[in-house]
Amino acid sequence: MFRKILIANRGEIAVRVMRACRELDIATVAVYSEADAAALHVRLADEAYLLGPAPSSESYLRIERIIEAARAAGAEAIHPGYGFLAENAEFARACAAAGLTFIGPSPEAMELMGSKTNARRAAIAAGAPVVPGTTEALNSAEEARATAARFGYPVMLKAAAGGGGKGMRLVAGEDEIEEAFTAAQSEALAAFGDASVYLEKAVERPRHIEIQIFADAHGHTVHLGERECSIQRRHQKVIEECPSPINDPTLRAAMGASAVGVARAANYVGAGTIEFLVSDVTREFYFLEMNTRLQVEHPVTELVTGIDLVREQIMVAAGHALSFTQDDVEWRGHAIECRVYAEDPDNNFLPSPGRITHLRVPAGPNVRDDGGVYAGAEVSIYYDPMISKLAAWGRTRDEAIARMRRALAEYTVGGIKTTLPFFREVVRDEEFIAGRLDTGFIERFNQRRAAATAALNARDAEVGEDKIESDDAARESDAPAADIARDIAIIAAALAETQNAPATVNGSQRAAAEQPSRWRVAGRTAQQRSRDLF
């Protein structure tokens, strides 16, 4: 077993890996940029090494500096987390050349499955169903137009070298193809250094469901079931569930077998995820891509299966066999995860960097928060704005939703905008509760929200007009009523005075039973009213 591991990442995933290391009694090494000098992962590590300035191109993406830090610390292995260099085959090769174990798949498996076009070919060879589309990158907008005409619109243009929604464009018709092709190429080049783009037939109202797979070097490959990842903004997941609300054991078994087949065809070792598009109507599923790393949303699988995926990564990288078989995997209950971002959901989810002035993290039964910040920490403009992943488990999906509502109500973050208000609304949305999910959920949710807000504003405006008219009428009708009420009060007071006071007539006391003159009462009333006027 390793004695010391360097985590080549930052934020919540670096903290998550460190916790698994601590449980295995493995020392941890952090790396950081100048912007992250006071970050939580730096504070929790046994030792830490500066990589360089804040931009990731000068710090977290500098392979040679990470290798130098590992050597200086005496680390035996490097865990890449996710993002940054996690799916970089050259980084894995550099680790091997330096005598370090890369905790992940082989460079060859990453190159095969990291290219979306290569992965499609591998999936087809493994017998997995794929969305109709190209297996080679497109050379021009004209080729894209001809290909789209052959498959029929709508189509999806995608970056061949990466995922995460970068370099992806939905094209509804021929008039959009040229602009979309140019934009997809430009974004792909900026994100992955490769402008290659391929085309797929778009599946309308699809569910985005992925299968967690795990393989060791001893010939064992298993799946740990599905995760529902359909709730996305800008093609990036924000809420995940395990299992999918579909919760169909037959579908799970079919998708799991297909995922295992793809992993075996790639000679894959380690944790990985096979992503599928699933028709919400026919329940047909299509291979989408493979992520050759630990996924952001792995906690929901851990909560439902009880298997620590990070621990298994470390053990498998150290040469051990998986600690479980396919028959050992059981799915108990339901888990939901919300990715808490420093973003403004009311302003198109734009980043909201800044200092966290207050932080209260939810706790209690079956609530888990994988965080990477603390009160006083700075959310930088240089990196992904996710600050934590909040997960809740329940025996049923309804129980998990109720627990998530409670946890979201407890969660407070001061100083920055976050996606917490958005999640608090979503978990009370009728479509979400009913499990009617697909990749267009947020767009429809926003439309429902806007329609509800417009209806409420219209009702308030109508109520306001009615209230104005009602108030005017009330003032007119209340005036004489007020006069009458005041007259009655004055008369009653005058009567009480004359009845109770020992009045005298011509120097002699009047009999108590003698009633006062009505004229006298009326006179006093008029006198009192005249005083009220001034």
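Above this text you will find the structure in question.
These figures come from a predicted structure and were not determined experimentally.

### Describing the overall build of the protein
When helices and strands are counted, the protein shows 16 helices and 24 strands. Taking all 534 residues of the protein together, the buried fraction comes to 49%. In the protein, the share of contacts with a sequence separation of at least 24, taken over all contacts with a separation of at least 6, comes to 64%.

### Points about the sheet that holds strand S6 (residues 155-159)
Read from one edge to the other, the open sheet built from three strands follows the order S7-S6-S8, with strand pairing classed as antiparallel. Of all the strands in the sheet, the pair left with one neighbour each is strand S7 (169-171) and strand S8 (197-201). Across the sheet, the axes of successive neighbouring strands diverge by a mean angle of 25 degrees, strand direction being ignored. One ladder, built from five bridges, connects S6 with S8; its direction is antiparallel. Residue pairing for S8: Val 155 is matched across the bridge by Lys 201. Lying on the sheet, helix H7 (residues 141-151) is in contact with S6 and S8; it crosses S8 at an angle near 15 degrees.

### A look at the packing of aromatic side chains
One pass over the full model with this rule turns up nine aromatic pairs. Pairing Phe 91 with Phe 102 gives two aromatic rings, centres 5.9 Å apart and planes at 90 degrees, and the pair type is edge-to-face. Note that Phe 91 is positioned in helix H4 (residues 89-97) and Phe 102 in strand S5 (residues 101-102), a separation of 11 residues in sequence. Summarising the burial analysis for this pair, Phe 91 and Phe 102 share the class buried. Positioned above the aromatic ring of Tyr 341, the side-chain terminus of Arg 233 is 4.6 Å from the ring centre. Lying over the aromatic face of Phe 441, Arg 448 brings its terminal NZ or CZ to 5.6 Å of the ring centre.

### Considering the pattern of salt bridges
Under the criterion given, the structure shown has 47 salt bridges. For the salt bridge of Glu 297 with Arg 339, the shortest nitrogen-to-oxygen distance reads 2.7 Å. Of this pair, Glu 297 sits in the loop between strand S13 (285-291) and helix H10 (298-305) while Arg 339 is found in strand S14 (residues 334-341), placing the two residues 42 residues apart along the sequence. Side by side, Glu 297 and Arg 339 carry an identical accessibility label, which is buried. Three or more residues joined by partner-sharing salt bridges are found here, namely Glu 210, Arg 227, Lys 237, Glu 240, Glu 275, Glu 297 and Arg 339.

### Considerations on the sheet that holds S5
Across the sheet, five strands lie side by side as S3-S2-S1-S4-S5; this open sheet has parallel pairing. Both edges of this open sheet fall to strand S3 (47-52) and S5, since each of them pairs with a single strand only. Relative to strand S2 (residues 27-33), strand S1 (residues 4-7) runs parallel, the two being bridged by four bridges. Residue pairing in the sheet places Leu 6 in a bridge with Val 29 of S2. Helix-sheet contacts for helix H3 (residues 63-73) involve S1, S2, S3 and strand S4 (77-79), and the interaxial angle to S3 is about 155 degrees.

### Here's the deal with unusual backbone geometry
Here Tyr 153 and Pro 154 are connected by a cis peptide whose omega angle stands at 0 degrees. For Pro 154, the position within the fold is in the loop between H7 and S6. Located in the positive-phi region is Arg 234, a residue other than glycine, with phi close to 50 degrees. Mapped onto the elements, Arg 234 comes out in the loop between strand S10 (221-233) and strand S11 (236-242). One non-glycine residue, Arg 283, adopts positive backbone phi at about 65 degrees. As for its placement among the helices and strands, Arg 283 is situated in the loop between strand S12 (270-279) and S13. A relative accessible area of 32% places Arg 283 in the partly exposed class.

### Quick notes on the side chain of Thr 419
Mapped onto the secondary structure, Thr 419 falls in the loop between strand S22 (412-414) and helix H13 (420-426). A residue is classified by how much of its surface remains accessible, and Thr 419, at 2% relative accessible area, is buried. Looking at Thr 419, its side chain comes within polar contact range of the main-chain nitrogen of Tyr 341, at 3.0 Å. Leaving out residues up to four positions away in the same chain, Thr 419 has contacts with Arg 339, Val 340, Tyr 341, Glu 343, Pro 345 and Phe 349.

### Focus: the nonpolar core
If you look at the biggest cluster of nonpolar residues, it comprises 70 residues, and the most contacted ones within it are Ile 239, Ile 314 and Phe 432. In this structure, Ile 239 is in contact with Glu 228, Cys 229, Ile 231, Ile 336, Glu 337, Cys 338, Phe 423, Val 426 and Phe 432, ignoring residues within four places of it in sequence.

### Some remarks on the environment of Val 329
As for its placement among the helices and strands, Val 329 is situated in the loop between helix H11 (309-317) and S14. Val 329 sits in the buried class, given a relative accessible area of 6%. Expressed as a C-alpha distance, the spacing of Val 329 and Thr 305, which sit 24 residues apart in the sequence, is 6.5 Å. The residues contacting Val 329, other than those within four sequence positions of it, are His 223, Leu 224, Thr 305, Ile 307 and Phe 324.

### Focus: the packing of H4 against helix H5 (residues 107-114)
Between H4 and H5, the shortest axis-to-axis distance is 8 Å and the interhelical angle comes to 180 degrees. With respect to H5, the axis of H4 lies roughly antiparallel. Across the interface between the two elements, Ala 89, Glu 90, Ala 92 and Arg 93 from H4 touch Pro 107, Glu 108, Met 110 and Glu 111 from H5. In the contact of H4 with H5, the residues fall into four nonpolar, no polar and four charged.

Criteria and thresholds
- Numbering of residues starts from 1 in every chain and runs along the sequence as written.
- Reporting of local features is limited, given that this is a predicted model, to residues whose pLDDT is at least 70; pairs of side-chain atoms are given and counted only at 80 or more, and all residues count toward the totals for whole chains, interfaces and linings.
- With hydrogens and water excluded, all non-hydrogen atoms of the structure serve as input to the side-chain values.
- Think of it this way: any DSSP run of H or I at least four residues long counts as a helix, any run of E at least two long counts as a strand, and we number them from the N terminus.
- Here the term buried applies to any residue with accessible area under 20% of the maximum for its type, exposed to any over 50%, and partly exposed to those in between, with areas from a 1.4 Å probe on protein chains only.
- Only heavy atoms enter the contact rule, under which two residues are in contact if any of them lie within 4.5 Å.
- Any two strands with at least two DSSP bridges between them are considered paired.
- The angle between two axes is taken between their N-to-C directions and runs from 0 to 180 degrees, where each axis is a line fitted to C-alpha atoms and a helix contributes only its stretch in contact.
- Between 30 and 60 degrees the pair is tilted, below 30 it is stacked and above 60 it is edge-to-face, where a pair is any two Phe, Tyr or Trp rings, Trp via its six-membered ring, whose centres lie within 6.5 Å.
- Each ring is checked for a lysine NZ or an arginine CZ that lies within 6 Å of its centre and within 35 degrees of its normal; such an atom marks a charge sitting over the ring.
- Just to be clear on terms, a salt bridge is a Lys or Arg side-chain nitrogen sitting within 4 Å of an Asp or Glu carboxyl oxygen.
- Polar contact criterion, stated in full: a pair of N or O atoms within 3.5 Å, where within protein one must be able to donate a hydrogen and the other to accept it, and residues adjacent in sequence count only if both atoms are side-chain atoms.
- By nonpolar core is meant a set of buried Ala, Val, Leu, Ile, Met, Phe, Trp, Tyr and Cys residues that side-chain atoms within 4.5 Å join together.
- These descriptions rest on fixed angle ranges, namely under 35 degrees for roughly parallel, over 145 for roughly antiparallel, 65 to 115 for roughly perpendicular, and the rest for oblique.
- Here the nonpolar group is Ala, Val, Leu, Ile, Met, Phe, Trp, Tyr, Cys and Pro; Asp, Glu, Lys and Arg are the charged ones; every other residue, Gly included, is treated as polar.

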